[in-house]
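As a plain string of letters, each chain reads:
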Amino acid sequence: MPTELPYAADAEVSLSYDELEVLRLQYEKEVEAGHVTVQTKFNYAWGLVKSPVREDQVEGVRLLQEIYRAEPARRRECLYYLALGHYKMGNYEDAKKFNGLLLEKEPTNLQAHSLQTLVDQRLARDGYIGMALAGGAAAIGAILLTGLIRRATRK
């Protein structure tokens, strides 16, 4: 099933300040008018997720979660961008969860597979870093314990 969602590599490409500002102004105009269309909210959330600013990404994910809960017809699109937003914020487990839900619905979705590869790479890297830190801490603990034992046996 072809899809128009961008490949996950596009996650690193941000909108310009002016492009995001156009989306922000449209969203705020509709908020002030008392009715925000789903498309405007989605476009703004999409732009925020693509922002390099973490606060924008958090707000984008929040808006996407609102759309996901309120608009069943938009859930598929929201799943991908929720996964993308969590990936960009470093919430790899949440990214994997949302992306997995999308892959359950669309097992051949190339964008979701691309994002899954990126998420898995980050999780593996973080796992290696965690193991290295734990190994280093264990080595330091062993050295300290050995020093304490030697001191105790000298007395």
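Residues numbered from 1 in each chain as written. Predicted model: local features only at pLDDT ≥ 70, side-chain atom pairs only at ≥ 80, totals over all residues. Heavy atoms only, no water.

A.B. asks: I'm lost on helix α3 (residues 54-70) in this one. Help?
C.D. replies: Given 3.6 residues per helical turn, the α-helix brings residues three or four places apart onto the same face. With 17 residues, α3 should reach 24 Å at 1.5 Å per residue; the first-to-last C-alpha distance of 24 Å fits that figure. Here α3 has its buried residues at D56, Q57, G60, V61, L63, L64 and I67. In a view along the axis of α3, the buried residues occupy a sector of 165°, so they form one face of it. Projecting away from the buried face of α3 at angles above 90 degrees are the exposed residues E55, R69 and A70. Structurally, α3 contributes buried residues whose contacts are with α1 (17-33), α2 (38-49) and α4 (75-89). (Helix = DSSP H or I, 4+ residues; strand = E, 2+ residues; numbered from the N terminus. Expected span 1.5 Å × (residues − 1). Buried < 20%, exposed > 50% of the residue type's maximum accessible area, 1.4 Å probe, protein only. Arc of directions from axis to C-beta. Contact = heavy atoms within 4.5 Å.)

A.B. asks: Could you clarify how one ought to interpret the side chain of K88 in this entry?
C.D. replies: Within the fold, K88 resides in helix α4. A polar contact of 3.2 Å, which involves the side chain of K88, links it to the backbone oxygen of V49. (Polar contact = N/O pair within 3.5 Å; in protein donor to acceptor, adjacent residues only side chain to side chain.)

A.B. asks: Which parts of the structure should I look at to understand the pattern of salt bridges?
C.D. replies: Note on pairing: side chains with opposite charge can pair once their charged atoms come close. Enumeration according to the criterion identifies seven salt bridges in this entry. The partner of R62 in a salt bridge is E59, and the shortest N-O contact between them spans 2.6 Å. Placement of the pair is R62 and E59 together in helix α3, with a separation of three residues, close to one helical turn. A relative accessible area of 26% means that E59 is categorised as partly exposed. E66 is paired through a salt bridge with R62; the nearest N and O atoms lie 2.3 Å apart. With E66 and R62 both in helix α3, this residue pair falls four residues apart, about one helical turn. Owing to a relative accessible area of 27%, E66 belongs among the partly exposed residues under this scheme. Taking relative accessible area as the criterion, R62 reaches 34% and is therefore assigned partly exposed. (Salt bridge = Lys/Arg side-chain N within 4 Å of Asp/Glu carboxyl O.)

A.B. asks: Could you clarify how one ought to interpret the packing of α2 against α3 in this entry?
C.D. replies: Two quantities define a packed helix pair, namely the angle between the axes and the distance from one axis to the other. Between α2 and α3, the least distance of the axes is 7 Å, while the angle of their chain directions is 150°. Seen along the crossing, α2 lies across α3 with a hand that is left-handed. Where α2 abuts α3, its residues V38, K41, F42, Y44, A45, L48 and V49 lie against D56, Q57, E59, G60, V61, L63, L64, E66 and I67. Looking at side-chain class alone, the contact of α2 with α3 contains 10 nonpolar, two polar and four charged residues. (Axes fitted to C-alpha atoms, helices over the stretch in contact; angles between N-to-C directions. Left-handed = near helix turned anticlockwise from the far one by under 90°. Nonpolar A, V, L, I, M, F, W, Y, C, P; charged D, E, K, R; others polar.)

A.B. asks: I'm lost on the side chain of K41 in this one. Help?
C.D. replies: Take K41: it is sitting in helix α2. A residue is classified by how much of its surface remains accessible, and K41, at 18% relative accessible area, is buried. In terms of polar contacts, K41 uses its side chain to reach the side chain of E66, at 2.5 Å. Not counting residues within four places of it along the chain, the set of residues in contact with K41 comprises Y27, V36, L63, E66 and I67.

A.B. asks: What is the right way to read the nonpolar core from this model?
C.D. replies: It is characteristic of soluble globular proteins that their nonpolar side chains tend to be buried jointly. Core analysis: the biggest nonpolar cluster contains 30 residues, and Y44, L64 and L115 have the highest contact counts within it. Looking at this core, the elements that each hand over two or more residues are α1, α2, α3, α4, α5 (92-105) and α6 (110-154). Ranked by residue count, the leading element in this core is α4, at nine residues. Apart from residues no more than four positions distant in its own chain, Y44 is found in contact with L20, L23, R24, Y27 and L63. (Core = buried A, V, L, I, M, F, W, Y, C linked by side-chain atoms within 4.5 Å.)

A.B. asks: Would you take a moment to explain α5 for this structure?
C.D. replies: If you check α5, its first and last C-alpha atoms are 20 Å apart, about what 14 residues at 1.5 Å a residue would give, namely 20 Å. Three or more residues of α5 are buried, namely Y92, A95, F98, N99, L102 and L103. When α5 is viewed along its axis, its buried side chains cluster within an angular range of 145° and face the same direction. In α5, the exposed residues that point more than 90 degrees away from the buried face are E93, E104 and K105.

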